[in-house]
Structures are given as C-alpha cells and as structure tokens.
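# Architecture and fold: a report
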Amino acid sequence: MATPPPATGVASPCINICRMHAPTGWCEGCLRTIDEIATWGRMDEAARSALIDRLAPRRAAWRLLQDSGAAPIQPAPRGGRR
C-alpha cells in the first residue's frame, strides 16, 4: 500500500475552473499564473503562503475586470468557493 503524501498547511487555491485569461496571464479560477501553478507542488510552505498572500490584490483586480466586462463572471464550481 502506498504511503500518502504528507499533509501541507497551505491548501491549493485551485477551485477547478482551469482556464487562463490571456490579458492578465492568470487562471480564471485561482488567479495564479501558469508558472505558479506548475511550481506549486515543489514549493515549500513559506513560498506557498507568500503566493497565497499575493492572490488577495489579484482578486480585487479581477473583480474590477469582471465589473468592467473585461473578464468573465463564472459561478463557483460545485463544492468550490468564490
């Protein structure tokens, strides 16, 4: 039986809406860049926490883009959060 990976203290911000928004370079679901998504599994807890902290201003900018019609408004996935 395989040993499960160790639990991490910083959960992934992924909400299963995985589509990149070309003008910003952000995922429309979690607002990470493709590089941030690709390296998440190799990040230590400090790097993950720092990335999560950088998402708050992006979330505010994303809402402004949505309000202006420059970004899509999508419902949260079932079981997800918005």
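Notes on the structure follow.

About the criteria used
Residues numbered from 1 in each chain as written. Predicted model: local features only at pLDDT ≥ 70, side-chain atom pairs only at ≥ 80, totals over all residues. Heavy atoms only, no water. Salt bridge = Lys/Arg side-chain N within 4 Å of Asp/Glu carboxyl O. Buried < 20%, exposed > 50% of the residue type's maximum accessible area, 1.4 Å probe, protein only. Core = buried A, V, L, I, M, F, W, Y, C linked by side-chain atoms within 4.5 Å. Contact = heavy atoms within 4.5 Å. Disulfide = S-S within 2.5 Å.

### Considerations on the pattern of salt bridges
For the structure shown, the criterion picks out four salt bridges. Between Glu28 and Arg19 there is a salt bridge whose closest N-O contact spans 3.0 Å. Here Glu28 falls in the buried class, since its relative accessible area comes to 12%. A single salt-bridge network, built from bridges that share partners, covers Glu36, Arg54 and Arg58.

### Things to note about the nonpolar core
Core analysis: the biggest nonpolar cluster contains nine residues, these being Val10, Trp26, Leu31, Trp40, Met43, Leu51, Leu55, Trp62 and Ala71. Setting aside chain neighbours within four positions, we find Trp62 in contact with His21, Thr24, Trp26, Glu28, Leu31, Ala71 and Pro72.

### Let's talk about the state of the cysteines
Under the counting rule described, the total for this entry stands at zero disulfides. Of all cysteine sulfurs in the structure, the one in Cys18 sits closest to Cys14, which takes part in no disulfide; the separation is 4.1 Å. No disulfide involves Cys30; its nearest neighbouring cysteine sulfur is the one of Cys27, lying 3.8 Å away. Using a relative accessible area of 6% as the deciding quantity, one classes Cys30 as buried.

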